[in-house]
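Each chain, written out:
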Amino acid sequence: MSRHVKIAGAVAVAALLATACSQGSATRGTTADAGGKVTLRYFTFSAAPDHVKDLAAIEQAFEKENPDVDVVVETAPFDQYFTKLQTSIAGGTAPDTFELNYENFVTYASAGSLLDLGTVAGDVDTSAYAPESLNAFKRDGKQYALPASFSTVVLFYNKDLFDKAGVPVPTADWTWQDEQAAAEKLTDRKKGVYGDFQPVQFFEFYKTLKQAGGAFLTPDGKKSAFNSPQGVKAATWLVSKVGKTMPTEAEIGGTADYDTNLFKSGKLAMWHNGIWQFAGLKDVPFQWDVVVEPGDVSKASAVFHNAVAASSTTKHGKQAWAWARFLSASPVAATTRIRSSWELPPISDQQVLSGYLKDPKPANRQAVFDSLKSIALPPVIKRQQEMQDAVTKELSEAAAGRKSVQDALKAAATEVDALLG
């Protein structure tokens, strides 16, 4: 699963969720069999395709401890997931529990689509969670989801390509200029080899904006702030790679997982992507490693949180809470995630997390923890998906040469300000 994809279509998230909430609290497809066993539906985007077996192992362990519950797992690719989730909520068929990323959490919590877990949890110890992760999924003092995993974006590199070209491999103190110089030396367009790949879209822009010393929103969150000299610098950094050290939009041709396949084929020297890619690279026929992403005036790494939430309309709140807690903080879930490189559990037990560093691929797993020293969290507004789409659309216009970077940022800022109201 790659997070570096644009969710298809501009879905009216808030409208769909508001419609669903107006339909009351009828049963949403949750059943109990003749023996009184509860069937609990769980919808996820992060398990497929690489971690379905890992999730099944966690599910089986939960059902062993909770024999009165049968968890039914449903999956969808990230680029289809939220469209399907929104449609199910609006249509009255919402799953009992489902995965949410940090960026979309505000929309669902604001619309009343999530169960306040405090109403069913009782006096339960939450010290197992890292406090910053737990607090990320609170709203108005209420815990609407439990953090299940986090991941960071790092710079992957093909060590064999660097060695063959006689170019020194990336280090933690690299800047944009170092990356650009290496990418130019490593690019051989005639052989289909590219020096770099960094998607020109919202998720990369807000991060590079912070690396350049800029801010996406004003301090009060009421207006955009990215149409600035720092914003121009960040957008130019992304756009300038297209057609030079990375493929053009036309060359990619809408191919799914183009960048993943390019790196796996040994034809991509550097790749900005997340640690969720580790598992899929275990058997590639070349040496590779990772490093904290280069910065400009400062370092800034994207950190993504995923959580487990329950539908406000579920009729099995206690079972939903039990499953959410098990999936997010149980020793079984934590060790399974670490063993399979399925992102990282947001737990406070450093001894458990230390096991992550023992895996030899990639060798520099310490970069994952080093990237947490300077975090770039995504800006979040109620109309999140529309904001992401607007920024990506305008950056794509600049990348394709249909607009200047300045005009693209001006248009994106106008659209974002309108969404902020």
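What counts, and where the lines are drawn
Residues numbered from 1 in each chain as written. Predicted model: local features only at pLDDT ≥ 70, side-chain atom pairs only at ≥ 80, totals over all residues. Heavy atoms only, no water. UniProt positions renumbered as here; feature names shortened; annotations may be inferred. Helix = DSSP H or I, 4+ residues; strand = E, 2+ residues; numbered from the N terminus. Rg over C-alpha atoms; globule rule 2.2 N^0.38 Å. Buried < 20%, exposed > 50% of the residue type's maximum accessible area, 1.4 Å probe, protein only. Contact = heavy atoms within 4.5 Å. Areas by Shrake-Rupley, 256 points an atom, 1.4 Å probe, with all protein chains shown as cover. Lys, Arg positive; Asp, Glu negative; His and termini not counted. Charge placed at Lys NZ, Arg CZ, Asp CG, Glu CD. Phe/Tyr/Trp six-rings, centres within 6.5 Å; stacked < 30°, edge-to-face > 60°. Lys NZ or Arg CZ within 6 Å of the ring centre and 35° of its normal.

As recorded in an unreviewed UniProt entry, the protein goes by the name Sugar ABC transporter substrate-binding protein, listed as coming from Nonomuraea composti. The annotation that UniProt attaches to the protein under Sequence similarities (unreviewed entry) is "Belongs to the bacterial solute-binding protein 1 family."

K.L.:
What is the right way to read the overall build of the protein from this model?
P.N.:
A tally of helices and strands in the protein yields 18 helices and 11 strands. Here the C-alpha atoms of the protein give a radius of gyration of 22 Å, agreeing with the 22 Å that 2.2 N^0.38 yields for 421 residues. Principal axes of the C-alpha set define a box for the protein whose edges measure 65 × 50 × 35 Å. Expressed as a percentage of the 421 residues in the protein, the buried residues total 56%. Residue pairs in contact within the protein that sit at least 24 positions apart in sequence constitute 78% of those at least 6 positions apart. Summed over all atoms, the accessible surface of the protein reaches about 17,000 Å², with 53% contributed by carbon and sulfur. Of the side chains in the protein, 43 bear a positive and 47 a negative charge, and the two mean positions are spaced by 2 Å.

K.L.:
Could you clarify how one ought to interpret unusual backbone geometry in this entry?
P.N.:
Among all residues except glycine, the phi angle is most often negative; among peptide bonds, the trans geometry is most common. Residues Ala-48 and Pro-49 are joined by a peptide bond in cis, for which omega reads 0 degrees. Within the secondary structure, Pro-49 is located in the loop between strand 2 (38–44) and helix 2 (52–65). A cis amide bond links Lys-361 to the next residue, Pro-362, at an omega of -10 degrees. Position of Pro-362 relative to the elements: it lies in the loop between helix 15 (350–354) and helix 16 (366–370). The phi angle at Asp-140 is positive, at roughly 55 degrees, despite the residue not being glycine. A positive phi is found at Ser-341, a non-glycine position, where the angle reads about 60 degrees. Position of Ser-341 relative to the elements: it lies in the loop between helix 14 (331–340) and helix 15. Given the relative accessible area of 1%, Ser-341 is considered buried.

K.L.:
What should I look at first to understand the packing of aromatic side chains in this one?
P.N.:
Between two aromatic rings, the relevant description is the distance of the centres plus the angle of the planes. In total, this model carries 32 aromatic pairs according to the counting rule given. Note on Phe-203 and Phe-304: the rings are 5.8 Å apart at their centroids and 65 degrees apart in plane angle, and the pair reads as edge-to-face. Of this pair, Phe-203 sits in helix 9 (residues 202–211) while Phe-304 sits in strand 10 (residues 301–310), placing them 101 residues apart in sequence. Across this residue pair, the class does not change: Phe-203 and Phe-304 are buried. Following the ring pairs from residue to residue traces out a cluster consisting of Phe-202, Phe-203, Phe-205, Tyr-206, Phe-216, Phe-226, Trp-276 and Phe-304. The residue whose ring lies beneath Arg-337 is Trp-342, and the NZ or CZ to ring-centre distance is 4.1 Å. In this structure, Arg-365 packs its charged tip against the face of Tyr-356, placed 4.5 Å from the ring centre.

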